[in-house]
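A structural walkthrough
These are the residues of each chain, in order.
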Amino acid sequence: MKEFDIEEELKKLPHHPGVYLMRSNSEELLYVGKAVDLHNRVRQYFRSGHGHNNSPKILRMVEQIAYFEYILTGSEMEALVLECNLIKEHRPKYNTLMTDDKGYPYIRVTLEEPYPRVLYSHQMRRDHSKYFGPYTDARAVQEMIAMTNQFFQLRTCNRSLPRDIGKERPCLYYQIGKCCGPCTGDMTQSDYLDRVSDAMNFLRGNTGELLRDLKEEMKQYAAQLEFEKAASVRDRIERIHHIMDKQLMQDTNSDNRDIVAMARGEEDSVVTVFFVRDGQLLGRENHHMTAENDDTDSAILGEFIKQYYGNCPYIPKEILTRDPVPEAEMVMNYLSEKKGSKVLLLQPKRGDKAGLLRLAEENAVLVLSQDLERIKKKEMRTTGAVKEIAEKLGIPAATRMEAFDISHISGYHSVASMVVFENGEPRRNAYRKFRLRTIEGPDDYASMKEVLSRRYTNDSLGPLPDVLMMDGGKGQVHVAEMVLDSLGFTIPVCGMVKDDHHRTRGLYYKDREVEFPPGSEAMHMITALQDETHRFAITFHRSLRSKEQTHSILDDIAGVGPKRRQALMLRYRSIDELKAADVEELSNLPGMNRKAAEAVYTFFHPDDETKN
């Protein structure tokens, strides 16, 4: 592979908004960041004297950078959205991560207040506030709130208005022009609510109507010779344009689509796929294609679409390409049948979708000129390994692999984890954690039976895998086969077996051990899957152990808060005693009612239809 010359590649960085990805020698993703100007921002990491380089954390990260990639976007806001989604998906080592997995953040507009504020919220409550979200990353929410308050000069203080109007001096934000100062009494409540309404339109993405109204307001002030007010409105318009200009990814159309673009060289081609979900750019993939000189672009794209989406676990509603693909009607029918709903192949010529295509083509050209050798090597390690595994096992595909592991802390602390690999790469947003409800103690077989039953009776946990990988040999495989058979699923099940030195040595499949050549990409893939399964399970194990002193299994029961939990702990000395209690007995405890008692009973007896 051609050596990545950092100094040379820094010179090629474009003056363009985008997202950059820092990687190590082993291709581990170290850091994801966004930039208004990629050229200026990325170069700062490799130049001394810049502020962010003084951080020991950043210095450690820079020492490990072997190469970097970047994705062009249409605006800074698109870069922010993409950055947040990539961080959520890959959880890079040196990014600041949101560790609270209980939910996603929201933007809250406190409409119950006479002078509403725009605030950060950890959850959506049943109140009179208006909520926007959920969003993918806490930092994105905080930045959006700051921009919204700055654009519309909304108050951020905790003063009780209108009660406190005129009682105190206005704060510093009013003095520097970042708040319109409703506390001074100079602004009517009606005018302030107009600003709040504009801010809500801004958060919805409805900037067209908002800008028209602001321009009309500016003209009226100018006509009345109120030039200071007209200039203030003009500045608001310019600030909105600065952030929202060319906002391709954040349109109001929530349809899911993929954008497929290609760049061709003399012997090789690169196909770039952008994934847009609910109007947000989630990420991209680059794929190497070999073709003859007389193959047309349409023919290459057509072959790619058939091969890629023929094995893809998810097919979007729309696939955008520059040119029509051969036999488009037949391909659409094939993909529609596979998806179970209509799939369209579109060739937009103007508007936002055409802009997305141009953006994808620019990225494909960049990849072709810089990263083709790396893509070839990566495909051998990912899709090539997946193909080798499927061929060795004699199954149609191994595109989606799921692996499970059981960990024990003690008693009710038994837990399980599920790891997903798609196209040979970890799909971390599909990972799942399970707290076992019916099993106590180190009974791996019974625990696995519960976990698999819960996984494969819940459609929301993703599509069925092409192959199920168990962390163990014959016993674990037979347990999985028994569970799948009882549920009516036919999924190949393999056991990842280890040698006497605790190293992965092969797969147990159909009552025989399937061996792979030592050092093969398939063997590396299986080892990586097993190691990742252990890592994820151990991380879950540690997080629970660290909470052991403060966490109780009772925290997992809906409707049981601190007071009811305390009542249960005072009355019952063990979980076994609590399990033996019926609903009537539970209902008579201090602070408990019938509904809460039934919730406690059902939690410990999920299959019991009686409550008494």
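Before any of the text, the structure's been laid out above.
Predicted, not measured: the structure shown is a model, and the values here were computed from it.

Thoughts on the overall build of the protein chain
When helices and strands are counted, the protein chain shows 21 helices and 19 strands. Across the 612 residues in the protein chain, those meeting the buried criterion constitute 48%. Element-wise, carbon and sulfur atoms account for 48% of the exposed surface of the protein chain, whose accessible area totals about 31100 Å².

Side note on the packing of aromatic side chains
Applying the stated criterion across every chain, the model contains eleven aromatic pairs. With a centroid separation of 5.2 Å and an interplanar angle of 10°, the aromatic rings of Phe-304 and Tyr-308 are classed as stacked. Here Tyr-308 and Phe-304 lie together in helix α10 (residues 297–310), a separation of four residues that amounts to about one turn. The residues Phe-304 and Tyr-308 share a single accessibility class, namely buried. Here the aromatic cluster, defined as three or more aromatic residues joined through ring pairs, consists of Tyr-20, Tyr-31 and Tyr-45.

Let's talk about the sheet that holds strand β4 (residues 106–109)
Spatially, β5-β4-β6 is the arrangement adopted by the three strands of the open sheet, whose pairing is antiparallel. Across the chains shown, the open sheet's two edge strands, defined by having one partner strand only, are β5 (118–121) and β6 (130–132). Adjacent strand axes in the sheet meet at a mean angle of 30° when their direction is disregarded. Taken together, the four bridges between β4 and β5 define a ladder with antiparallel strand orientation. Its bridge partner lying in β5, Tyr-106 is registered against Ser-121. Helix-sheet contacts for helix α7 (residues 189–204) involve β4 and β6, and the interaxial angle to β6 is about 30°.

As for the packing of α10 against helix α11 (residues 328–339)
To characterise two packed helices, one gives the angle between the axes of the helices and the distance between these axes. In contact at an axis separation of 11 Å, α10 and α11 are set at 10° when each is read in the N-to-C sense. As judged from the angle between their axes, α10 and α11 are roughly parallel. On α11, the residues that touch Ile-305, Lys-306, Tyr-309 and Gly-310 of α10 are Val-331, Tyr-334, Leu-335 and Lys-338. Taken together, the residues of the contact of α10 with α11 sort by class into five nonpolar, one polar and two charged.

Points about the sheet that holds strand β3 (residues 67–72)
One open sheet holds the three strands; their spatial order is β2-β1-β3, and the pairing between them is antiparallel. Single-partner strands in this sheet number two, and they are β2 (29–35) and β3. Neighbour-to-neighbour, the strand axes of the sheet open up by a mean angle of 20°, direction not taken into account.

Focus on the pattern of salt bridges
This structure, assessed with the given rule, holds 29 salt bridges. Where Arg-454 meets Glu-450, a salt bridge forms, and the shortest distance between an N and an O atom there is 3.0 Å. Highlighted residues: Arg-454 and Glu-450, both in helix α15 (residues 444–455), separated by four residues, approximately one helical turn. Judged by its relative accessible area of 25%, Arg-454 is partly exposed. With a relative accessible area of 11%, Glu-450 lands in the buried category. Through salt bridges that share partners, Glu-285, Arg-400, Glu-402, Glu-422, Arg-427 and Arg-455 make up one connected network.

Things to note about the nonpolar core
Core analysis: the largest hydrophobic core is formed by 42 residues, its most contacted members being Tyr-20, Met-22, Val-42, Tyr-45, Phe-46, Met-61 and Phe-68. Among all residues touching Val-42, those that are not within four sequence positions of it are Leu-10, Leu-13, Tyr-20, Met-22 and Phe-68. Core analysis: the next-biggest nonpolar cluster, separate from the first, contains 27 residues, Val-109, Tyr-115, Phe-152 and Leu-211 among them.

A closer look at a nonpolar patch on the surface
A cluster of nonpolar side chains, contributed by Leu-172, Tyr-173 and Ile-176, occupies part of the molecular surface with about 340 Å² of accessible area. Considering the arrangement of structural elements, one finds Leu-172 in helix α6 (residues 172–175).

Conventions and cut-offs
- Residues numbered from 1 in each chain as written.
- Predicted model: local features only at pLDDT ≥ 70, side-chain atom pairs only at ≥ 80, totals over all residues.
- Heavy atoms only, no water.
- Helix = DSSP H or I, 4+ residues; strand = E, 2+ residues; numbered from the N terminus.
- Buried < 20%, exposed > 50% of the residue type's maximum accessible area, 1.4 Å probe, protein only.
- Areas by Shrake-Rupley, 256 points an atom, 1.4 Å probe, with all protein chains shown as cover.
- Phe/Tyr/Trp six-rings, centres within 6.5 Å; stacked < 30°, edge-to-face > 60°.
- Pairing = 2+ DSSP bridges.
- Axes fitted to C-alpha atoms, helices over the stretch in contact; angles between N-to-C directions.
- Contact = heavy atoms within 4.5 Å.
- Parallel < 35°, antiparallel > 145°, perpendicular 65-115°, else oblique.
- Nonpolar A, V, L, I, M, F, W, Y, C, P; charged D, E, K, R; others polar.
- Salt bridge = Lys/Arg side-chain N within 4 Å of Asp/Glu carboxyl O.
- Core = buried A, V, L, I, M, F, W, Y, C linked by side-chain atoms within 4.5 Å.
- Patch = residues over 30% accessible without salt bridge, like charges linked within 9 Å, V, L, I, M, F, W, Y side chains within 5 Å.

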